[in-house]
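# Summary of the model geometry
Residue strings, one per chain:
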Amino acid sequence: MSLHPPCASSCARHGRTGAGYAVGNRLVDAYLAATGRTAAEALLVDHRDVIDTALRTRGASTGS
């Protein structure tokens, strides 16, 4: 078994999701909360829009 599996699904199967997964999950959760969209509705949204919206929302909620 490789120390660095080639895909996220392999990592999840072996219990290694890491910090990257957690950060991505928080960004998506913030985006969905800010836009009121479901995951299915946001599936094809450009990643830059997701990140920008999530960070803008996070900054507003923390006063940053």
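Data block above holds the structure.
Now for a description of the structure that goes with this document. The structure displayed is predicted, hence computed values, not measured ones.

Attention now moves to the overall build of the protein chain. Tallying secondary structure elements over the protein chain gives three helices and zero strands in all. Walking the protein chain from its N terminus toward its C terminus, one meets helices and strands in the order α-α-α. Across the 64 residues that make up the protein chain, the buried fraction comes to 19%. Just so you have it, the protein chain exposes about 5000 Å², and 59% of that area is on carbon and sulfur atoms.

Relative to the 26 Å expected for 18 residues at 1.5 Å per residue, helix α2 (residues 18-35) spans 27 Å between its end C-alpha atoms, a close match to the ideal helical length. Those residues of α2 lying buried are A30, Y31 and L32. The positive-phi residue at the C-terminal boundary of α2 is G36, with phi of around 75 degrees.

Mapped onto the fold, T53 is located in helix α3 (residues 47-62). Of the polar contacts made by the side chain of T53, one reaches the backbone oxygen of D49; its length is 2.8 Å. Apart from the residues within four sequence positions on either side, T53 is in contact with Y31, A34 and T35.

Turning to the environment of R58, a few remarks are in order. Examined against the element boundaries, R58 turns out to sit in helix α3. The exposure class assigned to R58 is exposed, which follows from its relative accessible area of 54%. Expressed as a C-alpha distance, the spacing of R58 and A34, which sit 24 residues apart in the sequence, is 9.4 Å.

How each quantity is defined
- In every chain, residue numbers begin from 1 and rise along the written sequence.
- Selection of residues for local features in this predicted model requires a pLDDT of at least 70, selection of side-chain atom pairs for listing and counting requires 80 or more, and totals for whole chains, interfaces and linings are taken over all residues.
- No hydrogens and no water enter the side-chain calculation; it runs on all heavy atoms of the structure.
- A run of H or I in DSSP counts as a helix once it spans at least four residues, and a run of E counts as a strand once it spans at least two, with each numbered from the N terminus.
- For the exposure calls, accessible area comes from a 1.4 Å probe over protein chains only, and a residue counts as buried if that area is under 20% of its type's maximum, exposed if over 50%, partly exposed in between.
- For the area figures, the Shrake-Rupley method with a 1.4 Å probe applies, and any residue is considered shielded solely by the protein chains shown.
- To estimate the expected span of a helix, count its residues, drop one, and scale the result by 1.5 Å.
- Distance and chemistry together define a polar contact, namely a pair of N or O atoms within 3.5 Å, with one atom able to donate a hydrogen and the other to accept it when in protein, and with adjacent residues in sequence counting only for side-chain atoms on both sides.
- Any pair of residues with heavy atoms lying within 4.5 Å of one another is described as a contacting pair.

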